[in-house]
Amino acid sequence: MLPWMEDPQFAERLHWLSAVAGLDLAHYGTVADAETIRDTAIAQPLIVASGLVSALSLFPHPSDAFGRIGAVAGHSVGELTAAAGARAISAEQAMVLVRERGKSMAHAAAATPTGMTAVLGGDAEEVKAALTQHGLIAANVNAEGQIVAAGTMEQLSAFAAAPPAKARLMPLSVAGAFHTEHMAEAVGVMGKLALAVSTHDPRTAVISNRDGKVVHDGRDVVRRIVTQVANPVRWDLCLATMRDLGVTGILEMPPAGTLTNIAKRALPGVETFALKTPDQLDAAREFVEKHGDPSPIDISPTWRMLVAPTKGTFVRSAGDEGESLAASSSIGLVRSTRDETSVTAPYGGTIVEWLVEDGDLVSPGQPLVRLHPEGVLA
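Residues numbered from 1 in each chain as written. Predicted model: local features only at pLDDT ≥ 70, side-chain atom pairs only at ≥ 80, totals over all residues. Heavy atoms only, no water.

(A) Quick look at the overall build of the chain. If you tally the helices and strands in the chain, you get 14 helices and 17 strands. The globule rule puts the C-alpha radius of gyration for 378 residues at 21 Å, and the 21 Å found for the chain is close to it. In terms of overall dimensions, the chain has C-alpha extents of about 60 × 50 × 45 Å along its principal axes. Counting the 378 residues in the chain, one finds 48% classified as buried. Here the contacts in the chain between residues at least 6 apart in sequence split such that 67% fall between residues at least 24 apart. If you sum the accessible surface of the chain, you get close to 17100 Å²; carbon and sulfur atoms cover 54% of it. Here the chain holds 30 positive side-chain charges and 42 negative ones, and the gap between their average locations is 2 Å. (Helix = DSSP H or I, 4+ residues; strand = E, 2+ residues; numbered from the N terminus. Rg over C-alpha atoms; globule rule 2.2 N^0.38 Å. Buried < 20%, exposed > 50% of the residue type's maximum accessible area, 1.4 Å probe, protein only. Contact = heavy atoms within 4.5 Å. Areas by Shrake-Rupley, 256 points an atom, 1.4 Å probe, with all protein chains shown as cover. Lys, Arg positive; Asp, Glu negative; His and termini not counted. Charge placed at Lys NZ, Arg CZ, Asp CG, Glu CD.)

Here you go:
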């Protein structure tokens, strides 16, 4: 982070987020040793803050990004960065949530010695069987042949002693078994905080770690972030959605490198850019101009847009234009080769305009219908 701190605006913004987090993030990001940063209560706020402030360096006027970024996704704690970047929550709310997320996960990790091990290669079914045999969870499914096993240290040791054939194991330097039932305590803490978080429907399609689906309800974005603490990260499904979206370029915000490396193997032909230092900002802006597409989601406050959560065939169940919908009622579902996903109107409203027909093929994040939120046509 040291080169970034030479920019006065970056330093000022990081100082502000440090105040929100109650941590000297400039210190931890520049001079703290690796063992100190390994503390997840420090690492998590540092990761989110570095992404948020770097994004402001790339887009000093955040609204500029909406016309250039088609979708956002974050891996694990990075979902908070993505949610703030899409304006579902504020940067300050993201920092409060990550502060408490890190503290509660560190406390949960201290209860039982747990850890995580990357599993690279091997036959998928054999790897799955070995995890089950040892009581481990695939806490991260990053791509084909790239998962992260999590559990107690005894379970991981037994797994290492009898690894799946042709699989390479790499113990990770983390504080505990994240994204497993060992983090249930943290879910409770996050859930209580989330009740007081005011949300907005994101202006950019948000791809969820839970299932790779596009989420356009700000409350659902936060709910998913809360429960994801104790559930596996399905980054492979996020990548599949990017493929369905026709993504041609992936820009990774600091701390960058890991996700672009995964994408290079999982999405051949898609260009990647890992933004690591401020001297790359101009090149990053050129990359965005080359690959950027505006978000298809309407940002007008007068109309509410419902979008397809995934790729598939839209099966309509709601009525015609001019009809009213109750809150949480279904307008239809999207049927894919993998599953069926209901599309609901969280706030209800009056159907103003159908943007697709029954039986149409739709892509993730594609607008389906416009609703007037007050149930009255203008």
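Once the structure has been displayed, the description carries forward.
(B) Molecular detail of the packing of aromatic side chains. On inspection of all chains with the given rule, the structure shows 3 aromatic pairs. Between F273 and F287 the ring centres are 5.6 Å apart and the planes differ by 50°, which places this aromatic pair in the tilted class. Highlighted residues: F273 in strand 9 (residues 271–274) and F287 in helix 14 (residues 281–291), separated in sequence by 14 residues. Grouping residues by exposure puts F273 and F287 together as buried. (Phe/Tyr/Trp six-rings, centres within 6.5 Å; stacked < 30°, edge-to-face > 60°.)

(C) Looking closely at the sheet that holds strand 17 (residues 367–372). Strand order in the open sheet formed by 4 strands is 10-17-15-12, with antiparallel pairing between adjacent strands. This sheet does not close on itself; its edge strands, each paired only once, are strand 10 (304–307) and strand 12 (324–325). The sheet contact formed by strand 10 and strand 17 spans 4 bridges and is antiparallel. In the strand pairing of strand 17, V307 is matched with P367. (Pairing = 2+ DSSP bridges.)

(D) Quick look at the packing of helix 4 (residues 40–58) against helix 7 (residues 91–111). At a closest axis distance of 7 Å, the pairing of helix 4 and helix 7 adopts a crossing angle of 160°. By the angle between their axes, helix 4 is roughly antiparallel relative to helix 7. The two elements helix 4 and helix 7 cross, and the hand of that crossing is right-handed. Contacts from T40, A41, Q44, P45, V48, A49 and L52 in helix 4 reach A91, A94, M95, V98, R99, R101, G102, K103, M105 and A106 in helix 7. Class assignment for the residues of the contact of helix 4 with helix 7 results in 11 nonpolar, 3 polar and 3 charged. (Axes fitted to C-alpha atoms, helices over the stretch in contact; angles between N-to-C directions. Parallel < 35°, antiparallel > 145°, perpendicular 65-115°, else oblique. Left-handed = near helix turned anticlockwise from the far one by under 90°. Nonpolar A, V, L, I, M, F, W, Y, C, P; charged D, E, K, R; others polar.)

(E) Layout of empty space enclosed by the protein. According to the stated counting rule, one finds 1 cavity of 30 Å³ or more in the structure shown. E79, A82, A83, V206, I207, S208, V215, V221, R224 and I225 together form the lining of the largest cavity. Those elements that place two or more of their residues in the lining of the largest cavity are helix 6 (78–85), strand 6 (205–207) and helix 11 (218–228). Among the residues making up the lining of the largest cavity, the classes are represented as 7 nonpolar, 1 polar and 2 charged. (1 Å grid on protein atoms, 1.4 Å probe; cavity = no way out; pocket = protein on both sides within 12 Å on 5 of 7 lines; lining within 4 Å. Points joined across faces, edges and corners; volume = space filled by probe spheres on them.)

(F) Broad picture of the nonpolar core. By size, the foremost hydrophobic cluster in this structure holds 56 residues, and its most contacted members are V48, L52, L80, I89, M95 and M183. Discounting residues that sit within four places of it in the chain, L52 has contacts with L17, T81, A84, A91, A94 and M95. Membership of the second largest hydrophobic core comes to 18 residues, among which are V214, V233, L239 and I297. (Core = buried A, V, L, I, M, F, W, Y, C linked by side-chain atoms within 4.5 Å.)

Scope: geometric values only; no functional claims are made or implied.
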